[in-house]
There are 2 protein chains.
Amino acid sequence: MANSQNSNTMKEKTALPTVGSPVRGSESGQPIMVLFDLLGRRWAMGILWGLSGSNRTFRDLQTHCGSASPSVLNTRLKELRAAHLIEKAADGYSLTEDGRALFKHLEPLGDWAKDWAPTLSNKSDL
Amino acid sequence: MANSQNSNTMKEKTALPTVGSPVRGSESGQPIMVLFDLLGRRWAMGILWGLSGSNRTFRDLQTHCGSASPSVLNTRLKELRAAHLIEKAADGYSLTEDGRALFKHLEPLGDWAKDWAPTLSNKSDL
DNA sequence: AAATTTGCTACTAAATTAGTAGCAAAAGTA
DNA sequence: TACTTTTGCTACTAATTTAGTAGCAAATTT
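Treat the numbers as computed from the prediction; the structure is a model and nothing was measured.

The rules we used
- Residues numbered from 1 in each chain as written.
- Chains lettered and ligands numbered in written order.
- Predicted model: local features only at pLDDT ≥ 70, side-chain atom pairs only at ≥ 80, totals over all residues.
- Heavy atoms only, no water.
- Helix = DSSP H or I, 4+ residues; strand = E, 2+ residues; numbered from the N terminus.
- Pairing = 2+ DSSP bridges.
- Core = buried A, V, L, I, M, F, W, Y, C linked by side-chain atoms within 4.5 Å.
- Buried < 20%, exposed > 50% of the residue type's maximum accessible area, 1.4 Å probe, protein only.
- Contact = heavy atoms within 4.5 Å.
- Polar contact = N/O pair within 3.5 Å; in protein donor to acceptor, adjacent residues only side chain to side chain.
- Phe/Tyr/Trp six-rings, centres within 6.5 Å; stacked < 30°, edge-to-face > 60°.
- Salt bridge = Lys/Arg side-chain N within 4 Å of Asp/Glu carboxyl O.
- Expected span 1.5 Å × (residues − 1).
- Axes fitted to C-alpha atoms, helices over the stretch in contact; angles between N-to-C directions.
- Parallel < 35°, antiparallel > 145°, perpendicular 65-115°, else oblique.
- Nonpolar A, V, L, I, M, F, W, Y, C, P; charged D, E, K, R; others polar.
- pLDDT = per-residue confidence, 0-100.

Remarks on the overall build of chain A
A count of helical and extended segments in chain A gives five helices and two strands. Along its sequence from the N terminus, chain A presents helices and strands in the succession α-α-α-α-β-β-α.

See below:
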């Protein structure tokens, strides 16, 4: 299959967030904001979530992520790889050590969200 | 000042994420994805972060959030209020109980990010 | 009662994402 | 070996979201 991505194929418009530089959503360039910029991009967290269970191929991720268009999915995969949160394994994409560590912190949010989410429909007053 | 926002002034195009319905970034409508959709929107996490220290007025948030344009900031504030994560107090916007609980889970990410972020510049190979 | 500050709304431009089509390399099959 | 299917993308246009600027009315301060 076409693994045509060599080191400098990424002709992105969107800069990868880096420490010390202003990122989308913050001028500070503080680590937490860099992280938030990255994770805030569409499908980013969904990908991490999807890979937490098992490795997945591109096509696999595509269907798992509902309807993610290949262009966005691929862009996000590149970014997450550049951020060393995911990597390519023999059987598809997988979380790196860093990615797994991050997921550990993200996971509790899932449980919290289960309690929180229902209140949206109930208390909703806007 | 103009508190012209009565219950149904929100003529948004973007739907507020709710449980059970597909959200941006996921078709599942699972709580965690609803949360991610909400938090993933530009400035959302930055606002929570900003309010975690102290209450802030609209204008205050604007400067704190770097350069957030009033339109986006206001949209986000409405969404976060609808999600019961923030609310209006006498001295500006503040986190609700839910918001504070969520922040408790988000906070550790800040520490983790401090260790992770530097590796971006070092290991970067894309 | 001015002057200033606050909390927005409105509008246009720029950036990001969605969505569809398609193709070359790899893998599987006969 | 030749053929078929699957995988991993790239390219392109349309739709949606965000940025950015201007401005105004209510509240607050002087």
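A few points about the pairing of strand S2 (residues 92–95) of chain B
All names here are of chain B. Bridging between strand S1 (residues 86–89) and S2 involves four bridges; their strand directions are antiparallel. Pairing of Lys-88 across the sheet is with Tyr-93, part of S2. Linking two consecutive strands that pair antiparallel, namely S1 and S2, is a turn of two residues.

Examining the nonpolar core
Of all hydrophobic cores here, the largest spans 66 residues; its most connected members are Trp-116 of chain A together with Trp-116 of chain B. Those residues in contact with Trp-116 of chain A that lie beyond four places of it in its chain are Pro-31, Val-34, Leu-35, Leu-38, Ala-83, Leu-85 and Asp-98 of chain B.

Considerations on the environment of Arg-56 of chain A
All names here are of chain A. Tracing the backbone shows Arg-56 in the loop between helix H2 (44–53) and helix H3 (58–64). Separated by 39 residues in sequence, Arg-56 and Leu-95 have C-alpha atoms that sit 10.0 Å apart. Setting aside anything within four residues of it in sequence, one finds Arg-56 in contact with Gly-50, Leu-51, Leu-61, His-64, Asp-91, Gly-92 and Tyr-93. A distance of 3.4 Å separates a polar atom in the side chain of Arg-56 from a polar atom in the side chain of His-64.

Focus on the packing of aromatic side chains
Any pair of aromatic rings gets described here by the distance separating the centres and the angle formed by the planes. Tallied over the entire structure, the rule returns six aromatic pairs over all chains. A connected cluster of aromatic rings, assembled from ring pairs, spans Phe-36 of chain A together with Trp-49 and Phe-103 of chain B.

Here's the deal with unusual backbone geometry
Residue and element names in this part refer to chain B. Positive phi values are uncommon outside glycine, yet Trp-43 reaches one of about 80°. Assignment of secondary structure puts Trp-43 in the loop between helix H1 (31–40) and helix H2 (44–53). Residue classification places Trp-43 among the buried residues on the basis of a relative accessible area of 12%. One non-glycine residue, His-84, adopts positive backbone phi at about 60°. Along the polypeptide, His-84 turns up in the loop between helix H4 (70–82) and S1. By relative accessible area, His-84 is classed as buried at 12%.

Side note on the pattern of salt bridges
Residues and elements named next belong to chain A. Taken as a whole and judged by the stated rule, the model has 10 salt bridges over all chains. Measuring nitrogen to oxygen at the nearest pair gives 3.7 Å for the salt bridge that ties Asp-111 to Lys-114. With Asp-111 and Lys-114 both in helix H5 (residues 97–123), this residue pair falls three residues apart, about one helical turn. Lys-114 sits in the exposed class, given a relative accessible area of 53%.

Things to note about the side chain of Arg-76 of chain B
Residues and elements named next belong to chain B. Tracing the chain through its elements places Arg-76 in helix H4. Exposure remark for Arg-76: the relative accessible area of 10% places this residue in the buried category. At a separation of 3.2 Å, a polar atom in the side chain of Arg-76 contacts the main-chain carbonyl oxygen of Arg-42. Sequence-distant contacts of Arg-76, that is, excluding residues within four places in its chain, are made with Arg-41, Arg-42, Trp-43, Ala-44 and Ile-47.

Section: H4 of chain B
For H4 of chain B, built from 13 residues, the straight-helix expectation of 18 Å at 1.5 Å per residue is met to within 8% by its first-to-last C-alpha distance of 18 Å. With its phi angle positive at about 60°, His-84 of chain B sits one or two positions after the end of H4 of chain B.

Some remarks on the packing of H2 of chain B against H4 of chain B
Residues and elements named next belong to chain B. Packing of H2 against H4 leaves a shortest axis separation of 10 Å and a crossing angle of 75°. Looking at the two axes, H2 sits roughly perpendicular to H4. Taking contact as the criterion, the partners of Ala-44, Ile-47 and Leu-48 in H2 are, on H4, Leu-73, Arg-76, Leu-77 and Leu-80. When grouped by side-chain class, the residues that make up the contact of H2 with H4 number six nonpolar, no polar and one charged.

Points about H2 of chain B
By the criterion of burial, H2 of chain B is predominantly enclosed, with eight of the 10 residues buried. All buried positions along H2 of chain B are accounted for by Ala-44, Met-45, Gly-46, Ile-47, Leu-48, Trp-49, Gly-50 and Leu-51 of chain B.

Observations concerning the confidence of the model for chain A
Residues and elements named next belong to chain A. Within chain A, residue pLDDT values average 80, and 71% of them lie at 70 or more. Confidence drops under a pLDDT of 50 for residues 2–13, and excluding neighbours within four residues, the segment shows 11 contacts in the predicted structure. Confidence over residues 122–126 falls short of pLDDT 50; this stretch has nine contacts with residues more than four positions distant or in other chains.

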